[in-house]
Amino acid sequence: MANGCYLAMTAAEFQNCSSIPTRSAWLSCHFSPYTKGLSNVPGQLPPGAMVILDDANPVCGHDPEAVRAQLDAAVKRNQCSCVLLDFQKPDNEETAAMAVYLGNKLSCPVGISHLYANEMNCAVLLPPIPPDVPLAKYIQPWAGREIWLELAMDVMGYRVSRDGAASFQPACFPEKSFTDEPLCCHYAMELYDDHIDFTLWRTAEDLALLMEQAEKCGISQCVGLWQELHQ
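Keep in mind that this is a model prediction, so the values were computed, not measured.

Asks: Tell me about the state of the cysteines, and please be specific about residues and values.
Replies: Scanning the model with the defined rule gives zero disulfides in all. No disulfide involves cysteine 60; its sulfur sits 18 Å from that of cysteine 29, the nearest cysteine. Of all cysteine sulfurs in the structure, the one in cysteine 5 sits closest to cysteine 222, which takes part in no disulfide; the separation is 5.7 Å.

Written as structure tokens, this is what we have:
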């Protein structure tokens, strides 16, 4: 999996990792709370790495050109392959303007989260596919676009009773399970006196199958958290 997916790592994880993945990604480059530029810009990365800029600190009066210059300098210094604008706070006009500027001005390929990629021509980052949704259906609204896909070992549950069905968050995985190859997930059913619980989740093996499907569907990049996926 490490060779087929960018694994996002914090600065501490880069520093303490004895074997940095071939496809690594610098996590948590932020908009600075003190200047009009960025903080936590990577100093040294392996060639081919991805740089991830998030909006944990919101865009607020930041200078798009200063941000571009810092990112481009890091990209050129480290021979990075691409930049991901992982903007997850919706409906922010300054964030939207920053995404447009960086998407058009950066010197390397750029991916932008689905919240801000609608008006852009660059790659769109889609969040992890829920275990109960087929890949082809999930990506259909973005047909014709380059797609980057986030991977995660998500778990979800449905509780069915006489009153109907409702989703819930399972506390653990059932011991006995089955696999669904088209959905690339595991699933289990537990019977109780007044309801039935259906649990669906993805293992490392499921994600490997999902990446095979993604490649066949034309998805160009996958990215996930090193702390979750590196094993």
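Asks: Pulling in residues and values, what's your account of the pairing of strand E12 (residues 185–191)?
Replies: Strand direction decides the pairing type here: strand E11 (residues 178–180) and E12, joined by three bridges, are antiparallel. Paired with phenylalanine 178 across the two strands is tyrosine 187, which belongs to E12. Between E11 and E12, which pair antiparallel and follow one another directly, the connecting turn spans four residues, one of which, cysteine 184, has a positive phi of 55°. Here six bridges tie E12 to strand E13 (residues 195–201), and the two strands are oriented antiparallel to one another. Along E13, the bridge assignment pairs tyrosine 187 with leucine 200. Counting the residues that bridge the hairpin from E12 to E13 gives three residues.

Asks: Tell me about the sheet that holds E11, residues and numbers included.
Replies: Taken together, five strands build an open sheet; the order of strands is E10-E9-E13-E12-E11 and the sheet is antiparallel. Lying at the two open borders of the sheet, with one neighbouring strand each, are strand E10 (164–168) and E11. If you compare each strand with its neighbour and ignore which way they point, the axes differ by 25° on average.

Asks: Give me the pairing of strand E4 (residues 50–54): which residues, what numbers.
Replies: Within E4, five of the five residues are buried, leaving the element largely enclosed by the surrounding structure. The two faces of E4 match: Met50, Ile52 and Asp54 on one face and Val51 and Leu53 on the other face are all buried. Pairing of strand E2 (residues 24–31) with E4, which is carried by three bridges, proceeds in the parallel orientation. Residue pairing across strands places tryptophan 26 opposite valine 51, the latter belonging to E4. Inspection of the sheet shows E4 paired to strand E5 (residues 82–86) by five bridges, in the parallel sense. Paired with isoleucine 52 across the strands is leucine 84, a residue of E5. In this fold, E4 hands off to helix H2 (residues 64–78), which returns the chain to E5; that crossover is right-handed.

Asks: Hey, could you go over the side chain of aspartate 55 for me, with residue numbers and the actual values?
Replies: Note on placement: aspartate 55 falls in the loop between E4 and H2. Despite being buried, aspartate 55 has no salt bridge partner; lysine 89 is the closest side chain of opposite charge, sitting 6.0 Å away. One polar contact links the side chain of aspartate 55 to the main-chain amide nitrogen of lysine 89, over a distance of 3.0 Å. Setting aside anything within four residues of it in sequence, one finds aspartate 55 in contact with Phe31, Asp86, Phe87, Gln88, Lys89 and Thr95.

Asks: An account of the pattern of salt bridges is requested, with residue identities and associated values reported.
Replies: Inspection of the entire model under this criterion finds three salt bridges. Two residues, aspartate 72 and arginine 68, come together in a salt bridge whose shortest N-O distance is 2.6 Å. Separated by four residues within a single helix, aspartate 72 and arginine 68 lie in helix H2, roughly one turn from each other. There is no split in this pair, since aspartate 72 and arginine 68 are both buried. Connected through salt bridges with shared partners, the residues Glu65, Arg68 and Asp72 form a single ionic network.

Asks: So what's going on with the nonpolar core? Which residues, and what values?
Replies: Core analysis: the largest hydrophobic core is formed by 52 residues, its most contacted members being Leu53, Leu71, Ile112, Leu149 and Leu151. It is helix H5 (residues 204–216) that contributes the most residues to this core, four residues altogether. When sequence neighbours within four positions are dropped, the list of residues in contact with leucine 71 reads Leu38, Val51, Leu53, Val83, Leu102 and Leu106. Counting residues in each nonpolar core, the second largest holds twelve residues, with Tyr6, Ile52, Cys82 and Leu125 among its members.

Asks: How would you summarise unusual backbone geometry if you had to cite specific residues and measurements?
Replies: Although it is not a glycine, glutamine 79 sits at a positive phi angle of roughly 55°. Note on placement: glutamine 79 falls in the loop between H2 and E5. Non-glycine residue cysteine 184 carries a positive phi angle of around 55°. Position of cysteine 184 relative to the elements: it lies in the loop between E11 and E12.

Rules used throughout
Residues numbered from 1 in each chain as written. Predicted model: local features only at pLDDT ≥ 70, side-chain atom pairs only at ≥ 80, totals over all residues. Heavy atoms only, no water. Disulfide = S-S within 2.5 Å. Pairing = 2+ DSSP bridges. Helix = DSSP H or I, 4+ residues; strand = E, 2+ residues; numbered from the N terminus. Axes fitted to C-alpha atoms, helices over the stretch in contact; angles between N-to-C directions. Buried < 20%, exposed > 50% of the residue type's maximum accessible area, 1.4 Å probe, protein only. Right-handed = clockwise from strand over helix to strand, strands pointing away. Lys, Arg positive; Asp, Glu negative; His and termini not counted. Salt bridge = Lys/Arg side-chain N within 4 Å of Asp/Glu carboxyl O. Polar contact = N/O pair within 3.5 Å; in protein donor to acceptor, adjacent residues only side chain to side chain. Contact = heavy atoms within 4.5 Å. Core = buried A, V, L, I, M, F, W, Y, C linked by side-chain atoms within 4.5 Å.

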